[in-house]
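# Descriptive analysis of the structure
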Amino acid sequence: MPINYYIFLSVALFCIGVSGVLTRRNAIIIFMCVELMLNAVNLLLVAFSKMHHHAQAATNPNAGIDGQLFVFFIMVVAAAEVSVGLAIIVMMYRNTHSIDVNFLNRLKN
Amino acid sequence: MGTTQVLFWFLSVLALISAIMVVVSKNPVHSVLWLIFVFFAISGHYILLNAQFLAIVNLIVYAGAIMVLFLFVIMLMNLNADTEPQKNKWLKIAGVVAGGSLLLVLVAALKHADMKNQLADMGSGDIGLIRNLGLTLFNDYMIPFEITSVLFLSAIVGAVVIGKKD
């Protein structure tokens, strides 16, 4: 597959995620849209890693493996981020009985 | 069109439609289920790119653990479509226009890039196999891997500290 198909697919997924973050007010949905953007970037990293491997496989059999390891680390960071973020959302729900992000527009109360 | 191409287009369309449904669904539980579809489609792409380890990790970590955490929190809060706070209509339109403009700019910038002979090879190459990834991870990326464990420890402590009743 030519690499531009993957680029356009990832860009489309990323922009859907951006639109979701901008249009929704439910904190959990915003979080899920952030996960969507992370996954779009992961897909692009894997595609680029295979592209790099395809171009340089003759000289270096491990060419492009770094991209896949970065994807692994992104998944790790995303898991940590989700655990802390959901804890924050639960605490916010406990205080305001709502998960509307507009409740957080002033940092008091 | 070979089987690989058919699978590529099928998975791409599935991912895009499911991603749009994530944003559009009124019910948060439906959003989570559509997001799981997106993750399955992306895992399918990983398998097509011969990155089997990442495909399985994506399924286990994202579609398994993280989505269960989301579902758990949503059900804990008893959210449904009625309690969903609604944004002003013009703000929604502005958000969609902003996202669409970003898409437009990126596509316009990348459309004429010279990538004709850059192929992401499918079904060949063994860098995605667990042996090669593991060898590189534990040789070249030893320090980041260990730092990751510290990150997880701090995430655990942070989640407990934030989540406990004060």
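Residues numbered from 1 in each chain as written. Chains lettered and ligands numbered in written order. Predicted model: local features only at pLDDT ≥ 70, side-chain atom pairs only at ≥ 80, totals over all residues.

### Structural notes on the overall build of chain B
Within chain B one finds six helices and zero strands. Along chain B, helices and strands appear, N-terminal first, in the series α-α-α-α-α-α. Relative to the globule expectation of 15 Å for 166 residues, the C-alpha radius of gyration of chain B, 20 Å, shows a markedly less compact shape. Principal-axis analysis of the C-alpha atoms gives chain B an extent of 50 × 40 × 30 Å. Expressed as a percentage of its 166 residues, the buried residues of chain B come to 25%. Put simply, of all contacts in chain B between residues at least 6 apart along the chain, 61% involve residues at least 24 apart. (Helix = DSSP H or I, 4+ residues; strand = E, 2+ residues; numbered from the N terminus. Rg over C-alpha atoms; globule rule 2.2 N^0.38 Å. Buried ≥ 20, exposed ≤ 12 C-beta atoms within 10 Å, placed from the backbone. Contact = placed C-beta atoms within 7 Å.)

### A few points about the overall build of chain A
Of the regular secondary structure elements, chain A holds three helices and zero strands. Overall, chain A shows an N-to-C arrangement of helices and strands of α-α-α. Relative to a compact globule of 109 residues, whose C-alpha radius of gyration would be 13 Å, chain A shows 18 Å and is clearly more extended. Overall size of chain A, expressed as C-alpha extent along the three principal axes, is 60 × 25 × 15 Å. Looking at chain A as a whole, 50% of its 109 residues are labelled buried. In chain A, the proportion of contacts linking residues at least 24 apart, taken out of those at least 6 apart, comes to 48%.

### Considering the domain arrangement of chain B
Residue and element names in this part refer to chain B. Segmentation of chain B into domains returns domain 1 (1-84) and domain 2 (127-166). Each of domain 1 and domain 2 was reduced to a C-alpha centroid, and the two centroids are 23 Å apart. Considering only residue class, the side of domain 1 that touches domain 2 consists of four nonpolar, two polar and no charged. (Domains from an automatic or database assignment. Nonpolar A, V, L, I, M, F, W, Y, C, P; charged D, E, K, R; others polar.)

### With respect to helix 1 (residues 3-23) of chain A
Think of an α-helix as turning once every 3.6 residues; residues three or four places apart then point the same way. The end-to-end C-alpha distance of helix 1 of chain A is 30 Å, a good match for the 30 Å that 21 residues give at a rise of 1.5 Å each. Among the 21 residues in helix 1 of chain A, 16 count as buried, and that is most of the element. (Expected span 1.5 Å × (residues − 1).)

### Things to note about the nonpolar core
Among the nonpolar cores identified, the biggest contains 66 residues, and Ile28(A), Met32(A), Leu36(A) and Val38(B) are the most heavily contacted of them. For this core, the element with the highest residue contribution is helix 2 (residues 27-56) of chain A, accounting for 14 residues. With residues near it in sequence (within four places) discarded, Met32(A) still touches Val22(B), Ser31(B), Val32(B), Leu35(B) and Phe70(B). (Core = buried A, V, L, I, M, F, W, Y, C linked by C-beta atoms within 7 Å.)

### Some details on the interface of chain B and chain A
In this complex, chain B contributes 65 residues to the contact, which on the side of chain A involves 61 residues. For the side of chain B that touches chain A, the secondary structure elements donating two or more residues are helix 1 (3-24), helix 2 (28-48), helix 3 (52-77), helix 4 (89-111), helix 5 (130-139) and helix 6 (142-163) of chain B. The residue makeup of the side of chain B that touches chain A, split by class, is 48 nonpolar, 13 polar and four charged.

### As for the confidence of the model for chain A
Model confidence for chain A is summarised by a mean pLDDT of 86, while 96% of its residues fall at 70 or above. Averaged pLDDT values for the elements of chain A fall to 89 in helix 3 (residues 65-96) of chain A and rise to 91 in helix 1 of chain A. (pLDDT = per-residue confidence, 0-100.)

### A short note on helix 6 of chain B
Taking 1.5 Å per residue as the helical rise, helix 6 of chain B with its 22 residues ought to reach 32 Å, and the 32 Å between its terminal C-alpha atoms agrees with that figure. The buried count for helix 6 of chain B comes to one of 22 residues, which makes it a mostly uncovered element.

### Re the packing of helix 1 of chain A against helix 1 of chain B
As a packed pair, helix 1 of chain A and helix 1 of chain B sit with axes 9 Å apart at the nearest point and diverge in direction by 5°. Considered as vectors, helix 1 of chain A and helix 1 of chain B are oriented roughly parallel to each other. Taking contact as the criterion, the partners of Leu9(A), Ala12(A), Leu13(A), Ile16(A), Ser19(A), Gly20(A) and Thr23(A) in helix 1 of chain A are, on helix 1 of chain B, Ser12(B), Ala15(B), Leu16(B), Ala19(B), Ile20(B), Val22(B) and Val23(B). Here the residues of the contact of helix 1 of chain A with helix 1 of chain B are counted per class, giving ten nonpolar, four polar and no charged. (Axes fitted to C-alpha atoms, helices over the stretch in contact; angles between N-to-C directions. Parallel < 35°, antiparallel > 145°, perpendicular 65-115°, else oblique.)

### Some thoughts on the confidence of the model for chain B
Within chain B, residue pLDDT values average 87, and 94% of them lie at 70 or more. Interface confidence in the predicted complex, given as ipTM, is 0.90; pTM for the same model is 0.90.

### Regarding the packing of helix 1 of chain A against helix 4 of chain B
The N-to-C vectors of helix 1 of chain A and helix 4 of chain B enclose an angle of 160°; their axes lie 8 Å apart at closest approach. Taken together, the axes of helix 1 of chain A and helix 4 of chain B are roughly antiparallel relative to one another. In terms of crossing hand, the pair formed by helix 1 of chain A and helix 4 of chain B is right-handed. Residues Asn4(A), Ile7(A), Phe8(A), Val11(A), Ala12(A), Cys15(A), Val18(A), Ser19(A), Leu22(A) and Thr23(A) of helix 1 of chain A touch helix 4 of chain B, and the partners they reach there are Lys92(B), Gly95(B), Val96(B), Ala98(B), Gly99(B), Leu102(B), Leu103(B), Leu106(B), Val107(B) and Leu110(B). Its residues placed into classes, the contact of helix 1 of chain A with helix 4 of chain B shows 14 nonpolar, five polar and one charged. (Left-handed = near helix turned anticlockwise from the far one by under 90°.)

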